[in-house]
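An overview of the molecular structure
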Amino acid sequence: MSVQIPRGTQDILPGKVEYWQFVEQKAREICRAFNYKEIRTPMFEHTELFQRGVGETTDIVQKEMYTFKDRGDRSLTLRPEGTAAVGRSYVTHKMFGNPNQPTKLFYIGPMFRYERPQAGRFRQFVQFGVEALGVNDPAIDAEVLALLMNFYQSLGLKKLKLVVNSLGDTESRQAHRQALIDHFSPRIGEFCSDCQNRLHKNPLRILDCKKDRDHELMNTAPSILEYLNDYSKEYFESVQQYLTDLDIEYVVDPTLVRGLDYYNHTAFELMSEADGFGAITTLCGGGRYNGLIQEIGGPETPGIGFALSIERLLSALEAENIELPVEKGIDCYVVTLGDAAKAKSVALVNKLRKAGFVAEKDYQDKKVKGQFKSADRLEAKYVVVLGDDELAKGVANVKDMALGEQEEVKLEELVAYLENKA
Ligand code: HAM
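Since we're looking at a predicted model, the values are computed, not measured.

Right, let's get into the sheet that holds strand E6 (residues 124-133). The eight strands are arranged E1-E5-E6-E11-E10-E9-E7-E8 in an open sheet whose pairing can be described as mixed. Edge positions in the sheet fall to strand E1 (37-38) and strand E8 (251-252), since each of these pairs with one other strand and no more. Its contacts with the sheet put helix H5 (residues 138-154) on strand E5 (103-112), E6, strand E7 (160-166), strand E9 (264-272), strand E10 (282-288) and strand E11 (303-309), and the angle it makes with E11 is roughly 15 degrees. Most of the contacts of helix H9 (residues 230-245) go to E9, to which it runs at about 35 degrees, and overall it touches E7, E8, E9 and E10.

Below, the structure written as structure tokens:
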């Protein structure tokens, strides 16, 4: 039996990969405009980073990490997300010492989670994420959201719903935490074992439980917004004011709880509302994580960011029937007839390629008809026909495949001729 691809992973083949390149290019352009610089961190980190950063009680740390021992008996983990790794790098390279803050970074790369695969959920997926570290200012929260919305809208997506919430600062969270414990404690026996574990460790995560989401105590649970202290309330109001100034539509959902432990203040998710988008509608998630850097051994540093997967983004584009303008065809195909022409075609395609054209030729000794078929399959714009007779005269016939017209062109003028046509 042939070896199968691992569950929850996929090959991205030519024909599809162009869409990936297109959206990744778009992400880079938008980050450039917002002055976010690319960072590339390792695929694996010390396991401890995610245990401390993402949080012991999260699904990611408890059930989803690809953790292994290396030959030196170190516990390493394939990164399940990018924020803790970027935070680690920020500390490693003392980026907090840079007088210009925030440090604005972005990344595009694979993440790994041992989740149950289904539509939109993979075990290896590619995240595009941004992180702005070093400044606590509602304007930065708004900037990150503006970058996010610009990105999706620039691809033509319309059926989007941005949901925001505030998880408050430590003081607000403590007050809310106690209220949640008081609320759930008397009937915690009716909840799943995960929730029972979370009651004292992290009761906020109970609100995010998929198994118990229909329990009546879920709807009546105390809302974080009622427990925000003045500072947290003002911070959240200011973020919302900026969003309004930026014409960014959003809804406030006090039940929005993120699946990672490091969040405080602003938390958000972006959903697709397109018909036919699968059961998992979250395209992107993010928020503020003012305690994370300290948690992983750095100085007290505020931060905010988001991450989205390219897999879900491409599904959302499909659900909205958006065809991205990707180039799949080639510029010219050189068809030859005769041995001398065939030999010459090697140098000719090279010359065309050096001039910047996407050029191809036959390597299978096909007849002229077969070569034309290859050119069609490759969606060639021009076919350059070179026979031994033409070669002797120093010319080739150039056929414009869209118009069906053919012209004789001197070989030394071929590049200029095609450049003129382009
Ligand atoms: P997250 O909500 O765990 O947050 O993931 C962010 C996004 O990654 C999701 O909204 C989804 O688009 C995508 N994603 C997550 N898991 C999968 C999967 N198994 N298959 C396909 N796509 C998936 C984070 O990762 C945070 N680091 C985000 C962040 C950055 N917060 C602050 N800065």
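To continue, consider the pairing of E10. In terms of burial, E10 is largely enclosed, as six of its seven residues are buried. As paired strands, E9 and E10 are joined by six bridges and run antiparallel to one another. Note that in E10 the partner of Glu-269 across the bridge is Gly-285. In the sheet, E10 pairs with E11 via five bridges, with the strands oriented antiparallel. If you follow Gly-287 over to E11, its bridge partner there is Gly-305.

Here we take up the sheet that holds strand E12 (residues 332-337). Taken in spatial order, the five strands line up as E13-E12-E14-E15-E16 in an open sheet, and their pairing is mixed. Where the open sheet ends on each side, the last strands, each with one partner, are strand E13 (359-361) and strand E16 (405-410). Each adjacent strand pair in this sheet contributes to an overall mean axis angle of 25 degrees, direction not counted. Looking at chain direction, E12 and strand E14 (residues 382-387) are connected through six bridges and run parallel.

A few words now on the site of the ligand. Taken together, 27 residues are adjacent to the ligand, and Glu-81, Thr-83, Glu-115, Arg-258 and Tyr-263 come closest. The separation between an oxygen atom of the ligand and a polar side-chain atom of Gln-127 is 3.0 Å. A total of 660 Å² of accessible area belongs to the ligand in isolation, and the protein chains cover 96% of it. Elements represented by at least two residues in the shell around the ligand include exactly E6, E10 and E11. Per-element tally for the shell around the ligand: the top contributor is E10, with six residues.

Bringing the layout of surface pockets into the picture now. When its volume is computed, the second largest pocket comes out at roughly 760 Å³. Taken together, 33 residues line the second largest pocket, and the ones lying closest to its centre are Thr-170, Arg-173, Asp-261, Tyr-263 and Asn-264. Taken together, the elements giving at least two residues each to the lining of the second largest pocket come down to helix H2 (47-53), helix H6 (170-184), E9 and helix H10 (292-295). Considering each element in turn, the lining of the second largest pocket owes the most residues, six residues, to H6. Class assignment of the residues belonging to the lining of the second largest pocket gives a composition of nine nonpolar, 15 polar and nine charged.

UniProt records the feature "domain: Aminoacyl-transfer RNA synthetases class-II family profile" (unreviewed entry) at residues 1-325, using the numbering of this structure. Along residues 1-325 one finds 35% helix and 20% strand; the C-alpha atoms at either end are 40 Å apart.

When the UniProt feature table is mapped to this numbering, "binding site: L-histidine" (unreviewed entry) covers Glu-81, Gly-82, Thr-83, Arg-113, Gln-127, Glu-131, Arg-258, Tyr-262 and Tyr-263. As for the largest cavity, its lining draws on Arg-258 and Tyr-263 from among the annotated residues. Within the fold, Glu-81 resides in the loop between strand E4 (75-78) and helix H4 (83-92). With a relative accessible area of 3%, Glu-81 lands in the buried category. Those residues in contact with Glu-81 that lie beyond four places of it in its chain are Phe-50, Val-54, Met-111, Arg-113, Gln-127, Leu-260 and Tyr-262. Tracing the backbone through its elements, the reader meets Arg-113 in the loop between E5 and E6. Leave out the neighbours within four places in its chain, and Arg-113 touches Ile-60, Glu-64, Tyr-66, Pro-80, Glu-81, Phe-122, Arg-123, Phe-125 and Gln-127.

In this section: the domain arrangement of the protein. Split into domains, the protein comes out as domain 1 (17-169 + 229-319) and domain 2 (332-421). Its C-alpha centre places domain 1 at a distance of 49 Å from the equivalent point of domain 2.

Here the focus is the nonpolar core. In terms of nonpolar packing, the biggest core is built from 52 residues, with Phe-128, Tyr-152 and Phe-306 touching the most fellow members. Residue contacts for Phe-128: discarding those within four places in its chain leaves Ala-27, Cys-31, Phe-106, Tyr-107, Ile-108, Leu-147, Phe-151, Phe-306, Ala-307, Leu-308 and Ile-310. By size, the runner-up hydrophobic cluster in this structure holds 45 residues, among which are Leu-133, Leu-204, Ile-206 and Met-271.

This next bit is on the packing of aromatic side chains. Evaluation of the coordinates by the stated rule reveals 11 aromatic pairs. Judged by centre distance (5.7 Å) and plane angle (90 degrees), the ring pair of Phe-128 and Phe-306 falls under edge-to-face. Note that Phe-128 is positioned in strand E6 and Phe-306 in strand E11, a separation of 178 residues in sequence. Taken as a pair, Phe-128 and Phe-306 share a single burial class, namely buried. Aromatic side chains Tyr-262 and Tyr-289 sit 5.7 Å apart centroid to centroid with 65 degrees between the ring planes, which places their arrangement in the edge-to-face category. Of this pair, Tyr-262 sits in the loop between E8 and E9 while Tyr-289 is found in the loop between E10 and H10, placing the two residues 27 residues apart along the sequence. Judged on exposure class, the residue Tyr-262 and its partner Tyr-289 are both buried. Members of the aromatic cluster, joined through ring pairs, are Phe-106, Phe-128, Phe-151, Tyr-152 and Phe-306. In this structure, Arg-123 packs its charged tip against the face of Tyr-114, placed 3.9 Å from the ring centre. Above the face of the Tyr-363 ring, Lys-361 is positioned so that its terminal group lies 4.4 Å from the ring centre.

Where helix H1 (residues 17-33) contacts H5, the two axes come as close as 10 Å, and the packing angle between them is 140 degrees. One element, H1, and the other, H5, form an angle in the oblique class. For the pair H1 and H5, the sense of crossing is right-handed. Of the residues in H5, those in contact with Val-23, Lys-26, Ala-27 and Ile-30 of H1 are Leu-147, Asn-150, Phe-151 and Ser-154. Taken together, the residues of the contact of H1 with H5 sort by class into five nonpolar, two polar and one charged.

Thresholds applied
- Residues numbered from 1 in each chain as written.
- Predicted model: local features only at pLDDT ≥ 70, side-chain atom pairs only at ≥ 80, totals over all residues.
- Heavy atoms only, no water.
- Pairing = 2+ DSSP bridges.
- Helix = DSSP H or I, 4+ residues; strand = E, 2+ residues; numbered from the N terminus.
- Contact = heavy atoms within 4.5 Å.
- Axes fitted to C-alpha atoms, helices over the stretch in contact; angles between N-to-C directions.
- Buried < 20%, exposed > 50% of the residue type's maximum accessible area, 1.4 Å probe, protein only.
- Near = heavy atom within 4 Å.
- Polar contact = N/O pair within 3.5 Å; in protein donor to acceptor, adjacent residues only side chain to side chain.
- Areas by Shrake-Rupley, 256 points an atom, 1.4 Å probe, with all protein chains shown as cover.
- 1 Å grid on protein atoms, 1.4 Å probe; cavity = no way out; pocket = protein on both sides within 12 Å on 5 of 7 lines; lining within 4 Å.
- Points joined across faces, edges and corners; volume = space filled by probe spheres on them.
- Nonpolar A, V, L, I, M, F, W, Y, C, P; charged D, E, K, R; others polar.
- UniProt positions renumbered as here; feature names shortened; annotations may be inferred.
- Domains from an automatic or database assignment.
- Core = buried A, V, L, I, M, F, W, Y, C linked by side-chain atoms within 4.5 Å.
- Phe/Tyr/Trp six-rings, centres within 6.5 Å; stacked < 30°, edge-to-face > 60°.
- Lys NZ or Arg CZ within 6 Å of the ring centre and 35° of its normal.
- Parallel < 35°, antiparallel > 145°, perpendicular 65-115°, else oblique.
- Left-handed = near helix turned anticlockwise from the far one by under 90°.

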